[in-house]
Amino acid sequence: MLEKILRKYEAIWLHCGDSLILVDVESERLLDANPQVEYLLKRSLNDIRRLHYTALHPTDQLHQTQRAFGNPEITIDLDILRPDGTQIPVQISTGTFLDDNGHLLAVENLHYHRAHLNSALIINSDL
């Protein structure tokens, strides 16, 4: 039964149209991302896994980024930053939860501002 559930969530992780990112709250590092995140950020999965969550946002938004990350229930407008400096406006709704080992992880729902980019939803979670 557990294997069936894991296969289901793996399929969602890999094939959904949304971008999914898992963030470790203690280290503040990005742990994993699905292929849609690679497309959004124009970075490889290996590069993404080396990032601190603040590297996803412009430095002038650092205070707002930190406020959103530390708050389990907030919605905020920020930009996602690509390596070439391109900024993509998003709306982020954050949350936190514990994994099976009691490790605190962050969940962020990021919605693209449709006027700037045709895409859907980014959900950061630990599938």
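Before going into details, it helps to say that this report is about the structure given with it.

Reading guide: rules and limits
Residues numbered from 1 in each chain as written. Predicted model: local features only at pLDDT ≥ 70, side-chain atom pairs only at ≥ 80, totals over all residues. Heavy atoms only, no water. Buried < 20%, exposed > 50% of the residue type's maximum accessible area, 1.4 Å probe, protein only. Helix = DSSP H or I, 4+ residues; strand = E, 2+ residues; numbered from the N terminus. Arc of directions from axis to C-beta. Patch = residues over 30% accessible without salt bridge, like charges linked within 9 Å, V, L, I, M, F, W, Y side chains within 5 Å. Areas by Shrake-Rupley, 256 points an atom, 1.4 Å probe, with all protein chains shown as cover. Salt bridge = Lys/Arg side-chain N within 4 Å of Asp/Glu carboxyl O. Phe/Tyr/Trp six-rings, centres within 6.5 Å; stacked < 30°, edge-to-face > 60°. Lys NZ or Arg CZ within 6 Å of the ring centre and 35° of its normal. Contact = heavy atoms within 4.5 Å. Core = buried A, V, L, I, M, F, W, Y, C linked by side-chain atoms within 4.5 Å.

### What about helix α4 (residues 62-69)?
Along α4, the residues classified as buried are T65, A68 and F69. The buried residues of α4 occupy one face: seen down the axis, they fall within an arc of 95°.

### Digging into a nonpolar patch on the surface
On the surface, a nonpolar cluster with roughly 630 Å² of combined accessible area is contributed by M1, L2, I5, L6, Y9 and I12. When you line up the elements, I5 lands in helix α1 (residues 2-15). Accessibility expressed as a relative area gives 35% for I5, which makes it partly exposed.

### Details of the packing of aromatic side chains
Applying the stated criterion across every chain, the model contains 0 aromatic pairs. For the cation-ring pair, K42 lies above Y39, with the distance from its terminal atom to the ring centre recorded as 3.9 Å.

### Thoughts on the environment of P89
Positionally, P89 belongs in strand β4 (residues 87-98). It is 4.3 Å that separates the C-alpha atoms of P89 and D79, two residues lying 10 residues apart in sequence.

### Here's the deal with the side chain of H57
Looking at the element boundaries, H57 is found in the loop between α3 (45-49) and α4. With sequence-adjacent residues up to four places away left out, H57 is seen in contact with T65, L78, D79, I80, L81 and I92.

### Notes on the nonpolar core
Of all hydrophobic cores here, the largest spans 21 residues; its most connected members are I21, L30, L41, L56 and I80. With 4 residues, strand β3 (residues 74-81) is the single largest residue contributor to this core.

### Some remarks on unusual backbone geometry
Residues other than glycine seldom take positive phi values, yet E28 does so here, at roughly 65°. Within the secondary structure layout, E28 lies in the loop between β1 (19-24) and β2 (30-33). Using a relative accessible area of 29% as the deciding quantity, one classes E28 as partly exposed.

No statement about biological role is implied by the geometric values presented.
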